[in-house]
Amino acid sequence: MGRFRNIFAAVALLFLAEFSFAAAGYKVSIKGDLKGSYILQGWHWGQKYSIDTVSAAKGKVVFKGKQDLECGTYAISGADGKRVVEFIVPTENEGFRCMLELSGREISIKKGNGENTLFVEFQNLINWEWEQIKGKEGFLAKIRELQERASSQFGGTLVDIILSNNLFAPESNLQMRESFPFDNPAITNTYFVKEKIVQYLELLQESRYDFIIKEVNSLIGSIQDKNLQSKVAHTAYEFFYNSKIMGYEGIAVEIAREWFLNDKLEWPNEEGKFMLRTFVEFNKNSLLGMEAPELNLTDTSGTAIPLHSLDSEYTIVYFYTDECRSCMNETPKLVDFVNGYDRGVLSVYAVYAEGNREKWLKYIDDNLYIYNPFLNWVNVYDPDYSSGFQMLYNVIKTPQMFLLDKEMKIVGRGLSVDMLRNMLEERNNMRDLARDLLEKSFATMAGDSASIRAVINAVLKNYGDDGATSKEFIWDCYTTLGHSSTYSLQEEAIWLAEKYIIGMPELWSKKLLDKVHGEVQRFNMNRLGSKAAEITLEMVDGSSIGLSDVTTKYKVLYFYRPNCGMCSAVTPKMAQLYNRFKGKLDIEFIAINLGGSFGEWVGYMQQTGAGWIDARGTDGDSSPIYKKYWLQNIPAIYLLENGIVVAKDINDIDLEEILNTITK
């Protein structure tokens, strides 16, 4: 009896050992006309790796191992790299077994789970059965049938994911975000996961910059599995780091700061993390849409010139050296381009990125000849590198070029001269087209304030949260209305400025707000149709005179300074107009001196020899005259009729045309 117990125990142990072996590891075989060596391969985040290599015996290949395979997609390939068959290891994969057979091009499954049965059907369809199906619709119908079976029988498994996403790309990033299981850890060890994420990012990059950042962070944050979350974040970082679209490296910076540099997620290695940190530090201050970091560098005379003191539609910030090979090519091209630029005032803040003053001055004399009267080219350098321009503007190599808009916001970075030319041409053409359309539209609505305001409000409401586009539209409307020759349209520019620019200071830079504040103040001082502000002036004999003391129907106010070069050219013409119209109209010219000594004033009057009223006001922004009249640009000319302002800020030619019209 004891003998039988021992035999029974031995059999039981053998059975348990066999059962134990069957419950762990893997065994995958494929039978067919197989010869030579074959490789079992897996994928990890889109990268193929080899697991085992065996030789065929009697047309059969068997792969087996004691360690379980991870959930994912696998392939058996020939030594030449040609794929023979693929199979799926499911989530529940302990003791995975799969037996496949290859007959010609047809794959069949002899042993395995239901997922692989369906996956084999899919492989046969796309490998050769499609040739026997008539028409595209028949093929698509078969695909849909497989997809429906996968969804109903194996919903959420790898075969369902593969069949649902492998052939048909969604038309938009939103569709793909909803359909692809980015948060399913099962996709980690597949051949298609990284490809799908890149496809999603390619669709996403057609959106606005700020929207992309929001969506990428939302996607990463929605993934619960830390390993998968880290891989998705790393893939997104690499995609935007290597993007060919200008400025999209800024999205990589945001991803790095949001997920890796604060240790929310692990970076693959410490050396790589150091490079990541360096990349962020050198780029974080000069990304697209940011206000350009201020630089206050020294010009050739030793004077510090702040970058933000430059005032033009566009400003180019250009970092260069005299010996850099790329600079030798780009700098002459930049000089040629800006000298020929004729689309408005342009500024160039040219920063010599070395510290040798003598070499710098010689280079300027030899190479930087500027003759465009509408170009403000400023040469500066930082001899002791105290400004930190290298880190502020990512100047790890030269040349480095940025384009800033009127608000000193960065709209272009990492530019070549050719890119700069194309970018400015495109922006100027779009601006001109927009303003031309606006000008024609507003001209038809001149005098109809309600319609103009309704249109502007409706357009801005339609833009919604698209802040950049809204600002461009506001500015185009403001400049178009403000430059109109129709006064009612100019009034609408002031309404627009007060509501959408001054009224929304958070949207605009201080520099532009100050500019618009001044223009609104100028317009509101003595508006056309209003009574001219009363001022008291000093006569040469020490007596005083007010505007109301002059009782003629028409009064011309001519503000000047004796030491003003433009005034010296305009004053003789004004004297001619006075002599010409004095006998034709009930008119008086009042020449108002705003500067210089008493002696200079008297000498100027004697030189002019006009018979008009000469008076003097106090100069300076705090004087009563400056508080009532906008006199930032001298000379300034106003025309009053019965004390009412009928023309302001005009020149002598405008005045002559108006007076000619009156005398007809």
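Here the structure is shown first, and the text comes after it.
In this report, the structure presented in the accompanying data block is examined. (Residues numbered from 1 in each chain as written. Predicted model: local features only at pLDDT ≥ 70, side-chain atom pairs only at ≥ 80, totals over all residues. Heavy atoms only, no water.)

Considerations on the sheet that holds strand β14 (residues 400–404)
Inference 1: In space, the 7 strands of this open sheet follow the order β10-β9-β13-β12-β11-β14-β15, with mixed pairing throughout. Each edge of the open sheet is held by one strand with a lone partner, namely β10 (304–306) and β15 (410–413). The sheet shows a mean angle of 35° between the axes of neighbouring strands, taken without regard to direction.
Inference 2: Bridge count for strand β11 (residues 314–320) against β14 is 5 bridges, and the pairing is antiparallel. Note that in β14 the partner of Y318 across the bridge is M401. (Pairing = 2+ DSSP bridges. Helix = DSSP H or I, 4+ residues; strand = E, 2+ residues; numbered from the N terminus. Axes fitted to C-alpha atoms, helices over the stretch in contact; angles between N-to-C directions.)

Things to note about the nonpolar core
Inference 1: One finds L201, V216, F240 and I255 to be the most contacted residues of the largest nonpolar core, which totals 58 residues.
Inference 2: The set of elements that each furnish at least two residues to this core consists of α2 (114–127), α3 (135–154), α4 (158–165), α6 (193–204), α7 (209–221), α8 (226–241), α9 (249–260) and α10 (270–283).
Inference 3: Aside from chain neighbours lying at most four places away, what touches V216 is L201, L204, A236, F240 and I255.
Inference 4: A532, V556, Y560 and C564 belong to the second largest nonpolar core, which has 52 residues in total. (Core = buried A, V, L, I, M, F, W, Y, C linked by side-chain atoms within 4.5 Å. Buried < 20%, exposed > 50% of the residue type's maximum accessible area, 1.4 Å probe, protein only. Contact = heavy atoms within 4.5 Å.)

Focus on the packing of aromatic side chains
Inference 1: As enumerated under the stated definition, the model contains 42 aromatic pairs in all.
Inference 2: An angle of 85° between the planes, with centres 5.8 Å apart, marks the rings of F598 and W601 as edge-to-face. Within this pair, F598 and its partner W601 are both found in helix α20 (residues 598–608), separated by 3 residues, close to a single helical turn.
Inference 3: An aromatic cluster is defined as three or more aromatic residues linked by ring pairs; in this entry it consists of W43, F180, F182, Y191, F192 and Y200.
Inference 4: The residue whose ring lies beneath K584 is F581, and the NZ or CZ to ring-centre distance is 5.7 Å. (Phe/Tyr/Trp six-rings, centres within 6.5 Å; stacked < 30°, edge-to-face > 60°. Lys NZ or Arg CZ within 6 Å of the ring centre and 35° of its normal.)

Structural notes on the environment of I456
Inference 1: Within the element layout of this structure, I456 appears in helix α15 (residues 449–463).
Inference 2: Separated by 40 residues in the primary sequence, I456 and L496 have C-alpha atoms spaced 8.7 Å apart.
Inference 3: If sequence neighbours within four positions are ignored, I456 has contacts with F442, F473, C477, L481, W495, L496 and Y500.

Things to note about the pattern of salt bridges
Inference 1: Here the structure, examined in full by the defined rule, presents 33 salt bridges.
Inference 2: One salt bridge in this structure joins K333 and E330, with 3.7 Å as the shortest N-O distance. You can see K333 and its partner E330 sitting in helix α11 (residues 325–339), 3 residues apart, about one turn around the helix.
Inference 3: Owing to a relative accessible area of 26%, K333 belongs among the partly exposed residues under this scheme.
Inference 4: Taking relative accessible area as the criterion, E330 reaches 11% and is therefore assigned buried.
Inference 5: We note a salt bridge from K553 to E641, for which the minimum N-O separation is 3.9 Å. Taken together, the positions of K553 in the loop between β17 (544–546) and β18 (554–560) and E641 in strand β21 (residues 636–641) put the pair 88 residues apart, joining distant regions of the chain.
Inference 6: Owing to a relative accessible area of 33%, K553 belongs among the partly exposed residues under this scheme.
Inference 7: Connected through shared salt-bridge partners, E121, K142, E145 and R149 make up one network. (Salt bridge = Lys/Arg side-chain N within 4 Å of Asp/Glu carboxyl O.)

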